[in-house]
Amino acid sequence: MSSYESIIKNRLERYRANPDNTITLGIETSCDDTSAALLRGKTEVLSMCTNSQIKLHQEFGGVVPELASRDHVRNLYPVVSEALKMAGLKPEDIDAIAVTNRPGLLGSLLTGVNFAKGMAYSLGIPFIGVNHIYGHIMANYLSAPDLTPPFLCLIASGGHTQVAQVNSNCNYEILGGTCDDAAGEALDKIARALGLPYPGGPHLERIAEDGNEHAYNFRSQFNERNSLELSFSGIKTAAINAMNASEIKGDFRIADVAASFQSSVINALVSKLILAGEMTRIPKIAIAGGVSSNGLLRKRLEDEARAHGLDFYCPDKKYCTDNAAMIACAGRLVLMENDPSPLSLDAYAVD
Ligand code: KG4
Ligand code: ZN
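Structure report, in brief. Fair warning: this is a prediction, and the values are worked out from it, not measured in the lab. (Residues numbered from 1 in each chain as written. Chains lettered and ligands numbered in written order. Predicted model: local features only at pLDDT ≥ 70, side-chain atom pairs only at ≥ 80, totals over all residues. Heavy atoms only, no water.)

Once that is clear, we can look at the sheet that holds strand 1 (residues 23-28). As summarised here, the arrangement of the five strands in space is 3-2-1-4-5, forming an open sheet in which the pairing is mixed. Here the strands that pair on one side only, and so sit at the sheet edges, are strand 3 (44-52) and strand 5 (127-131). Each adjacent strand pair in this sheet contributes to an overall mean axis angle of 20°, direction not counted. Inspection of the sheet shows strand 4 (residues 96-102) paired to strand 5 by five bridges, in the parallel sense. (Pairing = 2+ DSSP bridges. Helix = DSSP H or I, 4+ residues; strand = E, 2+ residues; numbered from the N terminus. Axes fitted to C-alpha atoms, helices over the stretch in contact; angles between N-to-C directions.)

Structure, rendered in structure tokens:
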């Protein structure tokens, strides 16, 4: 056993013996946000500091991986330092580190993983690699500490759209999901075609407020089947075709396209999560990921959940998009039951 391994053995025993007071540092760098958070116990977020790279990538209409990793390198130390300052803590107060190590942009993931390893080694504390999707799901605990498995969770982000069944704190299975684009990716692509800035989801939501969601029919027969599989590429093509046709006819209204497309994506997501509730008879549904900060999605799910007798949970909006608090929460749960990661931990682009 190396000296690091023997040191962290004791620290881990203390961590597990004192689950409500341990301080976990979360680090998230899987895409274009450099985020650090300090968590006490299971759900008390002491501080969170996030540097968004949106401005850096906006002129390219999407994330440029090499620019993203370089910016993470520049920002990791300031972001972690700021999170510590906001929480009134010193590095020595940290008991464990949780870091996203999959899935995501490989270069971006590596910056966070290496930073976490260096810090864990120098402080002599355990660290754990966390799955980003699992982190998104666990964000629900930050806003609803009393939520307990089993529950269903729709993860809708820029890279993923899945319906998961959470069986226990550290175990979930994917029941279904998209066969092509992720929901956020589809929203971003149509927003871009409408000339809106990256990332398009929130801009589309704002524009859609003035639009008529019934102006265009972007329904997908695939999404209406009695299955948990989803597809967004068909409705995306339908939207592009409708935009071209409207432009030629001269009756193009950006707000109507935005409202109709957003509603079509949201209705598909809502129907699949409700269907999962019916199929599994699990009476609790939750949402996670950047798209779950969408007001219309939250409202429709709340209404549908009530109509179907299901309890509905949704994280605070700041814990829907990529953030380190969810990674700290997820990492702490894993560390309670599993070995910490070795210093040889790698990063993986896919899960
Ligand atoms: O979870 P996230 O921050 O990063 C990934 O892991 O992908 O999700 C980003 C996605 C983007 O596609 C963005 O357009 C979408 O979430 N998004 C939204 C909203 N806020 C962010 N989509 C719809 N409505 C929103 N308010
Ligand atoms: Zn994410």
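Moving on: the side chain of Asn 323. Its location among the elements puts Asn 323 in the loop between strand 10 (311-313) and helix 11 (324-337). Since its relative accessible area comes to 0%, Asn 323 is described here as buried. At a separation of 3.2 Å, a polar atom in the side chain of Asn 323 contacts the main-chain carbonyl oxygen of Tyr 319. One polar contact links the side chain of Asn 323 to the main-chain amide nitrogen of Met 326, over a distance of 2.9 Å. Other than its neighbours up to four places away in sequence, Asn 323 contacts Glu 28, Ser 35, Met 48 and Lys 318. (Buried < 20%, exposed > 50% of the residue type's maximum accessible area, 1.4 Å probe, protein only. Polar contact = N/O pair within 3.5 Å; in protein donor to acceptor, adjacent residues only side chain to side chain. Contact = heavy atoms within 4.5 Å.)

Surrounding ligand 1, one finds 19 residues, the nearest of these being Gly 158, Asp 188, Gly 201, Glu 205 and Gly 290. Between His 132 and ligand 1, the recorded distance is 3.2 Å, taken from a side-chain N or O atom to an oxygen atom. In this structure, an oxygen atom belonging to ligand 1 sits 3.5 Å away from a main-chain N or O atom of Val 291. Here ligand 1, which alone exposes 550 Å², has 88% of that area covered by the protein. When residues of the shell around ligand 1 are traced back to their parent elements, those giving at least two are helix 5 (132-143), helix 6 (183-193) and helix 7 (200-208). (Near = heavy atom within 4 Å. Areas by Shrake-Rupley, 256 points an atom, 1.4 Å probe, with all protein chains shown as cover.)

Moving on, we come to the sheet that holds strand 10. As summarised here, the arrangement of the five strands in space is 8-7-6-9-10, forming an open sheet in which the pairing is mixed. The open sheet has two edge strands, strand 8 (171-177) and strand 10, and neither has a second partner. On average, adjacent strands in this sheet sit at an angle of 25° to one another, irrespective of strand direction. This element, helix 5, spans strand 6 (151-156), strand 7 (161-168), strand 8, strand 9 (284-288) and strand 10 of the sheet and lies at about 125° to strand 6. Where helix 9 (residues 254-280) meets the sheet, it contacts strand 6, strand 7, strand 8 and strand 9, and its direction lies at approximately 160° from that of strand 6.

Another aspect to go through is helix 1 (residues 3-17). Residues spaced three or four apart along an α-helix face the same direction, because each turn holds 3.6 residues. Helix length check: helix 1 (15 residues) gives 22 Å between terminal C-alpha atoms against 21 Å at 1.5 Å per residue, within 8%. Residues Tyr 4, Ile 8, Arg 11, Leu 12 and Tyr 15 constitute the buried set of helix 1. Elements in contact with the buried residues of helix 1: strand 1, strand 4, helix 4 (106-123), strand 5 and helix 11. (Expected span 1.5 Å × (residues − 1).)

The full count for this structure, using the stated rule, is 17 salt bridges. Note that Arg 102 is salt-bridged to Asp 351, the shortest N-O span being 3.9 Å. A residue pair is termed long-range when its members are at least 10 positions apart, and Arg 102 in strand 4 and Asp 351 in the segment after helix 11 qualify at 249 residues. For Asp 351, a relative accessible area of 63% translates into the label exposed. In this structure, Glu 213 engages Arg 300 in a salt bridge whose closest nitrogen and oxygen atoms are separated by 2.6 Å. One end of the pair, Glu 213, is in the loop between helix 7 and helix 8 (233-249); the other, Arg 300, is in helix 10 (residues 295-307), and 87 residues separate them in sequence. Look at Glu 213 and you get partly exposed, because its relative accessible area is 24%. What emerges from the salt-bridge pattern is a single network uniting Asp 181, Glu 185, Lys 189 and Lys 236. (Salt bridge = Lys/Arg side-chain N within 4 Å of Asp/Glu carboxyl O.)

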